[in-house]
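In case you want the letters, here they are:
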Amino acid sequence: MPAIGAYAPGKCILLGEHSVVYHRPAIAIPVTQVHAHAVVTARPTAKPGEILIQAPDIDLQADMDDLPQDHPLVHAVQVVLKELAPIQIPAFLLRITSTIPIASGLGSSAAVSVAIIRAVSTFFGRPLTDPIVSELAFQVEKIQHGDPSGVDNAVIAFSRPIYYVRNLPLEHLEVAIPLTLVIANTGISAPTASVVSDVRNQWQKNPSHSEAIFDAIKNLVNKARLLIENGPIDDLGSLMDANHEYLRGLNVSCPELDHLVASARSAGALGAKLSGSGRGGNMIALVKPAIAEQVSQSLIENGAKSIIITTLEQTG
Ligand code: PMV
C-alpha cells in the first residue's frame with residue numbers, strides 16, 4: 001500500500017483572540033506558507049496494532065504504546081481510531097513534520113492534529129469530512145490548552161477564512177478585496193494555556209473590566225467583517241490597531257510585540273496587532289502589496305526573527 005500523506009496549513013487570527021474564549025466573535029484565516037504534514041505507511045511485517053510514531057522536529061521516535069496516553073500525538077491518533085472503530089488495526093508508521101513555529105500563535109498544535117486525523121482516516125480508507133476533522137482536533141486541543149475556543153481547529157480544518165463564535169455554527173467569510181499581511185515572529189515562545197489562564201484569572205478578579213474589553217473587541221470584529229466582505233479595506237488597519245490596544249488592556253502583549261507593532265506602523269502598514277495568545281509569538285501587519293517588502297525589512301531590522309508575507313485572496 002502506498003504511503004498516505006495529508007497537509008494542514010497554519011493560521012492567524014486577524015481579530016478577536018482571547019475574547020473568542022468568552023463567546024465573542026473572532027476572524028481567522030489559513031496561512032498556507034507554513035504547514036504540518038503527516039504521512040502514514042503500512043508496516044506489513046510488524047505485529048497488527050503496532051503504531052510507530054516519528055516526529056523528527058521534536059526528536060521523537062517511539063512505539064505509540066510506550067508514550068504517555070495524554071501525549072497530543074497519541075491522542076490525535078486515538079480520536080481517529082475511536083471515531084472509525086475499525087475491526088482490525090494494521091501496523092503502521094506515522095511520521096509528522098511541521099514548518100509551523102511551535103507556541104507562536106500560528107496554530108502549530110491544531111495543524112499537527114488535523115494532518116494526523118486526515119492521514120490516519122484516509123489510511124483506513126475512510127477519510128473524514130471537514131466538520132468531523134475539526135471536532136476531533138478540538139478534542140485534542142482541549143487536552144493541550146484546557147479551555148480552547150475552537151477557532152484554531154476550525155480555521156485549519158476548513159482551510160478558509162472564518163467568522164467564528166464559540167458554540168455557534170461556523171460562518172465562512174467572503175473576501176471582497178485581497179488582503180496582504182506581513183506576519184513577524186518575535187522568536188519568543190509563549191504557551192497558549194498559561195496566557196489564557198492569566199486572562200481568566202483577571203476576568204475572575206475584575207469581571208466588568210474584562211467584559212467591557214471583550215465587548216469592545218466584539219464591536220470591532222463585526223465592523224471588520226463588513227469591511228472584509230464589502231470593502232474598502234483601508235479602515236481595517238485602524239480596527240487592528242484598536243484591537244491591539246484592547247489586548248494590551250488584557251495584559252497579553254509584551255515589549256517585543258509592542259515594538260514590532262509600532263515598527264510596522266512607522267514603516268507604512270495600514271494597521272498592526274499581536275496575533276494569537278500573545279506575550280510572544282507573532283504579530284501581523286496589514287499592508288498595501290507594494291510596501292510588503294519595505295515593512296518586512298523594517299520588522300527584521302527591529303528584531304523580528306522570521307517573516308511570512310501572505311495574501312488572503314478575493315473569493316466569489
Ligand atoms: O493558540 P494561539 O496562540 O493561536 O491562541 C489561540 C487564540 C486564543 O483566543 C488566545 C485562545 C483560544 O482558544 O481561542
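Going by the structure above, here's the rest.
Residues numbered from 1 in each chain as written. Predicted model: local features only at pLDDT ≥ 70, side-chain atom pairs only at ≥ 80, totals over all residues. Heavy atoms only, no water.

Trainee: Give me the sheet that holds strand S8 (residues 179-185): which residues, what numbers.
Mentor: Spatial strand order, S9-S10-S8-S11: four strands in an open sheet with antiparallel pairing. The two strands at the open ends of the sheet, each matched to only one other strand, are strand S9 (271-275) and strand S11 (306-312). Here the strands of the sheet are splayed against their neighbours by 25° on average, with no regard to which way each runs. Direction of pairing for S8 relative to strand S10 (residues 282-287): antiparallel, over a ladder of six bridges. Bridging from a neighbouring strand, Ile183 pairs with Ile284 of S10. With respect to the sheet, helix H7 (residues 236-249) is in contact with S8, S9 and S10, its orientation differing from that of S9 by roughly 40°. (Pairing = 2+ DSSP bridges. Helix = DSSP H or I, 4+ residues; strand = E, 2+ residues; numbered from the N terminus. Axes fitted to C-alpha atoms, helices over the stretch in contact; angles between N-to-C directions. Contact = heavy atoms within 4.5 Å.)

Trainee: Can you explain H7? Please cite residues and give values.
Mentor: With 14 residues, H7 ought to run about 20 Å at 1.5 Å a step, and its terminal C-alpha atoms sit 20 Å apart, in line with that. Considered for burial, the residues of H7 that qualify are Leu236, Gly237, Leu239, Met240, Asp241, Asn243, His244 and Leu247. Elements that come into contact with the buried residues of H7 comprise strand S1 (4-15), S8, helix H6 (207-230), helix H8 (255-266), S9 and S10. (Expected span 1.5 Å × (residues − 1). Buried < 20%, exposed > 50% of the residue type's maximum accessible area, 1.4 Å probe, protein only.)

Trainee: Give a detailed account of the packing of aromatic side chains, specifying residues and quantitative values.
Mentor: Using the criterion set out here, one finds five aromatic pairs in the structure. Seen in terms of ring centroids, Phe92 and Phe123 are 5.1 Å apart; in terms of plane orientation they differ by 55°. Their pairing is tilted. Taken together, the residues Phe92 in strand S5 (residues 92-98) and Phe123 in helix H2 (residues 108-123) connect sequence positions 31 residues apart. Of the two residues examined, Phe92 and Phe123, each falls in the buried class. Each member of the aromatic cluster is reached from another via a ring pair, and the members are Tyr22, Trp203 and Phe214. Cation over ring: Arg225 sits above Tyr163, and NZ or CZ is 4.2 Å from the ring centre. (Phe/Tyr/Trp six-rings, centres within 6.5 Å; stacked < 30°, edge-to-face > 60°. Lys NZ or Arg CZ within 6 Å of the ring centre and 35° of its normal.)

Trainee: Go over unusual backbone geometry with me, naming the residues and quoting the values.
Mentor: The omega torsion of the bond from Gly231 to Pro232 falls at -15°, within 30 degrees of zero and hence cis. Structurally, Pro232 can be placed in the loop between H6 and H7. In this model, Asp59 sits at a positive phi of 55°, which is unusual for a non-glycine residue. Mapping Asp59 onto the fold places it in the loop between strand S3 (51-55) and strand S4 (60-63). Among the residues examined, Asp59 registers a relative accessible area of 74% and is labelled exposed. One non-glycine residue, Arg279, lies in positive phi territory at about 60°. Counting through the fold element by element, Arg279 comes out in the loop between S9 and S10. Judged by its relative accessible area of 24%, Arg279 falls in the partly exposed class.

Trainee: Just give me the short version of the packing of helix H3 (residues 130-145) against helix H4 (residues 151-158), but keep the residues and values in it.
Mentor: Viewed as axis vectors pointing N to C, H3 and H4 meet at an angle of 145°, and their least axial separation amounts to 8 Å. Crossing hand, H3 versus H4: right-handed. Every residue of H4 that contacts H3 at Asp130, Pro131, Val133, Ser134, Ala137, Phe138 and Glu141 is listed here: Asp152, Asn153, Ala154, Ala157 and Phe158. (Left-handed = near helix turned anticlockwise from the far one by under 90°.)

Trainee: Let's hear about the state of the cysteines: which residues, and what values?
Mentor: Inspection of every chain in the model, using the stated rule, returns zero disulfides. Lacking any disulfide linkage, Cys12 is separated from the closest cysteine sulfur, that of Cys254, by 17 Å. Residue classification places Cys12 among the buried residues on the basis of a relative accessible area of 0%. (Disulfide = S-S within 2.5 Å.)

Trainee: Requested: an account of the layout of surface pockets, with residues and values cited.
Mentor: If a probe the size of a water molecule is rolled over the atoms, the empty space left behind becomes visible. Considering only enclosed or pocket space, the largest pocket measures out at about 870 Å³ in volume. What lines the largest pocket is a set of 49 residues, among which Ala103, Ser108, Ser109, Gln144 and His145 lie closest to the centre. Contributions of two or more residues to the lining of the largest pocket are made by S1, helix H1 (72-84), S5, H2, H3, H4 and helix H5 (192-205). Among the elements that line the lining of the largest pocket, the one with the most residues is H2, at four residues. Residues of the lining of the largest pocket, tallied by class, amount to 21 nonpolar, 22 polar and six charged. When its volume is computed, the second largest pocket comes out at roughly 210 Å³. (1 Å grid on protein atoms, 1.4 Å probe; cavity = no way out; pocket = protein on both sides within 12 Å on 5 of 7 lines; lining within 4 Å. Points joined across faces, edges and corners; volume = space filled by probe spheres on them. Nonpolar A, V, L, I, M, F, W, Y, C, P; charged D, E, K, R; others polar.)

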